[in-house]
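# Reading the structure
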Amino acid sequence: MNKKLTKYSLKYSYLELEQEDIEDEFNKFKIDFDKVFGKYFKEPRERWVNEETGEVTESIHKPVDSSNDSSNDDKTDDIIKNSKDIKKLYNELSIKTHPDKGGEKAHFQRISKAYNDGFLIELIYFAQRYDIDINLTHLDEKVVINNIEEIEKKQLIIKNSLVWQWSIGDKDMKSSIVKQIEDLTNCSIMDEITEYL
């Protein structure tokens, strides 16, 4: 496999691990945030069910989900669906990972989802893992770069959330967040939560 594909694969591996860490941290932060601010939100708590594990979470925030929430546009999907090399890669990966052929079901499902969602970076990751070579066109590389940017954007959104900023922020940051929450909830809460500042 050429160096460029190896670099993309390693970058994806790093971002995937980073995403898991961020999501785990966020979900811990969210529990503490809800203990402090949950009662100030007038909207009812919602129940979220993890379809894979069946775990039920009650919160004012939707839990972070690590599945690929790929929001590629139709143009990206067309590039992937019309690329003979990508389709060939998908077919080779499907054969190698198909459970009936001795492959891992989880890998097979991830590969199918990645192909259908236009998430080319994950196909490259599995190509490297299964030692399958692929030639990327200039358009394919744009899709890969877009996939990487999507992951990084998702991480940035989490890190810029009130939950995250409350948990890592200093006293000034926390005071600012309290003011934002007061504006959101139309409640005066600063005096009630001074112990948390």
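Structure first, text after, so check above.
Here is a short report on the structure shown in this document. Predicted, not measured: the structure shown is a model, and the values here were computed from it.

Moving on: the overall build of the chain. Helix and strand counts for the chain stand at eight helices and two strands. Within the span of the chain, comprising 197 residues, buried residues form 39% of the whole. Of the roughly 12200 Å² of accessible surface on the chain, a fraction of 47% belongs to carbon and sulfur atoms.

Here the focus is the packing of helix 5 (residues 120–129) against helix 6 (residues 138–159). Each pair of packed helices can be summarised by the angle the axes make with each other and by the distance between the axes. Where helix 5 meets helix 6, the axes come as close as 8 Å, and the angle between the chain directions of the two elements is 100°. Between helix 5 and helix 6, the angle is such that the two are roughly perpendicular. Mapping the contact onto sequence places Leu120, Ile121 and Ile124 in helix 5 and Asp140, Val143, Val144, Asn147 and Ile148 in helix 6. Residues that form the contact of helix 5 with helix 6 fall into these classes: six nonpolar, one polar and one charged.

Core analysis: the largest hydrophobic core is formed by 27 residues, its most contacted members being Ile86, Leu120, Leu123, Leu136 and Val144. With seven residues, the top contributor of residues to this core is helix 5. Sequence-distant contacts of Ile86, that is, excluding residues within four places in its chain, are made with Ile80, Tyr115, Leu120, Leu123, Ile134, Leu136 and Asp140. Counting 17 residues, the second-largest nonpolar core is a separate cluster that includes Phe29, Val36, Trp164 and Ile189.

What follows covers the pattern of salt bridges. For the coordinates displayed, the defined rule picks out six salt bridges. Taking the shortest distance from any N to any O, the salt bridge between Lys4 and Glu141 comes out at 3.3 Å. Placement of Lys4 in helix 1 (residues 3–37) and of Glu141 in helix 6 is noted, with a sequence separation of 137 residues between them. Residue Lys4 is classed as partly exposed on the basis of its relative accessible area, which comes to 42%. One salt bridge connects Arg110 with Glu122, and the closest N-O pair in it is separated by 2.6 Å. Of the two residues, Arg110 sits in helix 4 (residues 105–117) while Glu122 sits in helix 5, which places them 12 residues apart along the sequence. In this structure Arg110 comes out as partly exposed when scored by relative accessible area, which is 28%. When salt bridges with common partners are traced through the structure, they connect Glu16, Arg110 and Glu122 into a single cluster.

As a further point, take helix 3 (residues 84–97). The end-to-end C-alpha distance of helix 3, which contains 14 residues, comes to 20 Å, matching closely the 20 Å that a straight helix rising 1.5 Å per residue would cover. Ile86, Leu89, Tyr90, Leu93, Ser94 and Thr97 are the residues of helix 3 that are buried. Projected down its long axis, helix 3 shows its buried positions confined to an angular sector of 135°, all on one face. Away from its buried face, by an angle of more than 90 degrees, helix 3 presents the exposed residues Lys84, Lys88 and Ile95.

So, on to a negative patch on the surface. A cluster of like negative charges, contributed by Glu20, Asp21, Asp24 and Glu25, occupies part of the molecular surface. Residue position: Asp24 is located in helix 1.

The next subject is the packing of aromatic side chains. One pass over the full model with this rule turns up eight aromatic pairs. The interplanar angle of 10° and the centroid separation of 4.1 Å between the aromatic rings of Tyr90 and Tyr115 together place this pair among those described as stacked. With Tyr90 in helix 3 and Tyr115 in helix 4, this pair connects stretches of sequence that are 25 residues apart. The pair formed by Tyr90 and Tyr115 is uniform in burial state, with each residue classed as buried. Ring centres of Tyr125 and Phe126 lie 5.1 Å apart, and the angle between their planes is 75°; on these two criteria the pair is classed as edge-to-face. Its relative accessible area of 13% is what places Tyr125 among the buried residues. Through pairs of rings, three or more aromatic residues link up here, namely Tyr12, Phe119, Tyr125, Phe126 and Tyr130. Sitting over the face of the ring of Trp166, Lys174 holds its NZ or CZ atom 5.0 Å from the ring centroid.

Calculation rules
Residues numbered from 1 in each chain as written. Predicted model: local features only at pLDDT ≥ 70, side-chain atom pairs only at ≥ 80, totals over all residues. Heavy atoms only, no water. Helix = DSSP H or I, 4+ residues; strand = E, 2+ residues; numbered from the N terminus. Buried < 20%, exposed > 50% of the residue type's maximum accessible area, 1.4 Å probe, protein only. Areas by Shrake-Rupley, 256 points an atom, 1.4 Å probe, with all protein chains shown as cover. Axes fitted to C-alpha atoms, helices over the stretch in contact; angles between N-to-C directions. Parallel < 35°, antiparallel > 145°, perpendicular 65-115°, else oblique. Contact = heavy atoms within 4.5 Å. Nonpolar A, V, L, I, M, F, W, Y, C, P; charged D, E, K, R; others polar. Core = buried A, V, L, I, M, F, W, Y, C linked by side-chain atoms within 4.5 Å. Salt bridge = Lys/Arg side-chain N within 4 Å of Asp/Glu carboxyl O. Expected span 1.5 Å × (residues − 1). Arc of directions from axis to C-beta. Patch = residues over 30% accessible without salt bridge, like charges linked within 9 Å, V, L, I, M, F, W, Y side chains within 5 Å. Lys, Arg positive; Asp, Glu negative; His and termini not counted. Charge placed at Lys NZ, Arg CZ, Asp CG, Glu CD. Phe/Tyr/Trp six-rings, centres within 6.5 Å; stacked < 30°, edge-to-face > 60°. Lys NZ or Arg CZ within 6 Å of the ring centre and 35° of its normal.

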